[in-house]
Amino acid sequence: MKTFKQLCILPLLAGLAGCVGIITTPTVPVPEVDHAQFVALVQQAPCAAGDNRLFVIDQRYVYWDRGASCPDQVQRLYGRSTGALLCVHGNSPNGAYTNCSVPSVRGLFQVILNNRDRADLGLGVSHSVVEIKMPVQESANLVFRTVVQESFSGIREPLNVIVRDAEAWARLWARHTAGRTPAPALPKVDFSRSMLVAVFAGDLRGCHEFGIRRINLVDQRIVVEYEDRDITPSTICIAAITNPMQVVAVPRVEARAVFRQVAPQRLEFTTIDRTPYSRIEEPMSVVIRDAQSWAALWARHTGSSAPAPVIDFTRNEVVGVFRGVLPNGCYATEIKDVYRIAGDINVERVDTEPGEGSVCTLAIVTPAHIISVPRAGGSVTFSAQRRVLP
């Protein structure tokens with residue numbers, strides 16, 4: 001609504017005094033982006049505890065960045081609400097695509113896609129870019145990537161630690177590599193997106209299988225479960241002292257950490273199918289406990305009317321992991337382990353992805369791994385590790 005105001009000029013010069021009328025238009029406040037609805041959108045999506053980030057741009061747009069730990073890695077640009085989806089970038093069986101319902105923002109979106117790892121998304125000082133801090137979720141599984149895992153360490157006593165900054169990481173690395181000539185290079189970590197979880201077993205004698213099994217968010221805490229399994233009775237070992245250790249990277253979470261040593265009971269499983277070319281194009285993990293559901297899943301997976309492999313569901317159940325559509329042959333998935341911890345069954349999967357120097361086949365893939373495992377009943381959880389190819 002326009003308003004009329006009177007402007008009076010002071011008599012600085014002779015004969016130049018008086019008042020004139022001007023019309024002004026009041027400033028309309030720019031509506032704030034509703035952060036809560038975007039946070040809820042991310043938390044309800046697959047890979048909710050993965051490498052997800054939200055950015056508000058100029059109080060006009062919201063960019064949702066799904067990182068490498070999320071199977072689909074689809075990037076999205078919204079207006080001020082979750083119902084205003086403006087642009088999407090992802091992969092399909094026909095290759096990478098970028099679709100924008102509003103052509104005028106395509107250029108902005110492309111700049112963002114090209115500069116995802118920069119704090120300002122490549123937009124510079126002429127734009128306001130503010131990251132929405134994601135709250136800690138309860139009962140969420142954190143995807144982790146092994147940064148280093150070795151049998152010998154300069155740290156000779158048991159130690160469990162969370163590392164959230166570069167200075168602390170450099171100090172820990174110096175302790176771990178003490179006495180080595182030349183000293184190994186410090187692995188690079190982007191602490192704006194990630195943090196490190198490190199476990200050191202200290203001095204051990206014999207053969208041990210040592211490492212992190214899963215990392216969960218429970219009751220506003222990071223719960224790190226690790227195993228130290230003495231495999232000396234089943235393995236020929238050199239009578240030497242080792243100091244096994246593992247450091248993994250997970251999405252950054254500001255929460256207190258609790259470390260728990262566990263003794264998983266492993267379950268034998270049989271691979272039904274492992275392929276880079278499933279017909280199921282969305283990321284998902286499934287547990288099947290009846291023949292009808294199994295037949296439906298197999299038909300979706302193969303795109304065929306051929307009968308599904310026969311499974312005795314009185315004794316077994318089927319577990320499947322599907323990564324969705326990905327851009328090249330370096331992407332894969334594998335169920336590495338199935339084990340029972342405190343009554344629950346955990347399925348441990350390893351998702352492979354290309355590194356900076358990887359040479360990959362130029363083919364759109366939809367990796368999947370389907371297994372049968374003895375029927376255990378109860379709840380089944382999935383933990384995931386990322387493996388980056390050299």
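Located above this text is the structure these notes cover.
Rules behind the numbers
- Within every chain, residues take consecutive numbers counted from 1 along the sequence as written.
- Only residues with pLDDT of 70 or above have their local features reported here, since the model is predicted, and side-chain atom pairs are shown and tallied only from 80 upward, although totals for entire chains, interfaces and linings are computed over all residues.
- Heavy atoms from the whole structure form the basis of all side-chain values; hydrogens and water molecules are not counted.
- Strands were regarded as paired on the criterion that DSSP finds at least two bridges between them.
- A helix here means a DSSP run of H or I that spans at least four residues, while a strand means a run of E at least two residues long, and both kinds are numbered starting from the N terminus.
- Note on definitions: a residue-residue contact is assigned when non-hydrogen atoms from the two residues lie within 4.5 Å.
- Only the stretch in contact is used when fitting a helix axis, every axis being a line fitted to C-alpha atoms; angles between N-to-C directions are given from 0 to 180 degrees.
- Each Phe, Tyr or Trp ring (for Trp, its six-membered ring) is paired with any other whose centre lies within 6.5 Å, and the angle between the two planes then decides the class: stacked below 30 degrees, edge-to-face above 60, tilted in between.
- Our definition puts a charge over a ring when NZ of Lys or CZ of Arg is within 6 Å of the ring centre and also within 35 degrees of the ring normal.
- When a residue's accessible area, from a 1.4 Å probe over protein chains only, is under 20% of the maximum for its type it is buried; when over 50% it is exposed; and in between it is partly exposed.
- Under this definition, polar contacts are N or O atom pairs within 3.5 Å; protein pairs additionally need one hydrogen-donor-capable and one acceptor-capable atom, and for neighbouring residues in sequence, both atoms have to be side-chain atoms.
- Cysteine sulfur atoms are paired as a disulfide whenever they fall within 2.5 Å.
- The nonpolar core is taken to be a set of buried Ala, Val, Leu, Ile, Met, Phe, Trp, Tyr and Cys residues, with the residues joined through side-chain atoms within 4.5 Å.

A. Quick look at the sheet that holds strand β23 (residues 332-341). Taking strand neighbours across the sheet as the criterion, the 8 strands line up as β11-β12-β17-β10-β26-β24-β23-β19 in an open arrangement whose pairing is mixed. Edge positions in the open sheet fall to β11 (159-163) and β19 (265-266), since each of these has one partner strand only. Here 9 bridges tie β23 to strand β24 (residues 344-353), and the two strands are oriented antiparallel to one another. Within β24, the residue paired with isoleucine 335 across the bridge is arginine 349. Against the sheet, helix α3 (residues 166-176) contacts β10 (144-150), β11, β12 (194-200) and β17 (245-251), and its axis sits at roughly 150° relative to β11.

B. Focus on the packing of aromatic side chains. Evaluated as defined, the whole model comprises 5 aromatic pairs. Above the ring of tryptophan 64, the side-chain terminus of arginine 76 is found at 5.0 Å from the ring centroid.

C. Fine view of the side chain of threonine 275. In this fold, threonine 275 is placed in strand β20 (residues 270-275). Take threonine 275: its relative accessible area is 17%, and that puts it in the buried class. Polar side-chain contacts of threonine 275 include one of 2.9 Å to the backbone nitrogen of tyrosine 277. Non-local contacts of threonine 275, meaning those with residues more than four positions away in its chain, are made with His301, Thr366, Pro367 and Ala368.

D. The state of the cysteines, seen in detail. One pass over the full model with this rule turns up 2 disulfides. At a sulfur-sulfur separation of 2.1 Å, the disulfide partner of cysteine 87 is cysteine 100. The disulfide joining cysteine 87 to cysteine 100 has a torsion of about 115° about its S-S bond and is therefore right-handed. On the criterion of sequence distance, the pair formed by cysteine 87 in strand β6 (residues 85-92) and cysteine 100 in strand β7 (residues 95-100) is long-range, its members being 13 residues apart. Each member of the pair cysteine 87 and cysteine 100 is classed as buried.

E. Highlighting the nonpolar core. Within the largest apolar cluster, 19 residues are counted, with the highest numbers of intra-cluster contacts made by Val197, Ile212, Ile215, Ile222, Val248, Val250 and Val253. Broken down by secondary-structure element, the contributors of at least two residues to this core are β12, β14 (208-218), β15 (221-230) and β17. By residue number, the principal contributor to this core is β14, which donates 4 residues. Listed in part, the 16 residues of the second largest apolar core include Trp169, Trp173, Val247 and Ala249.

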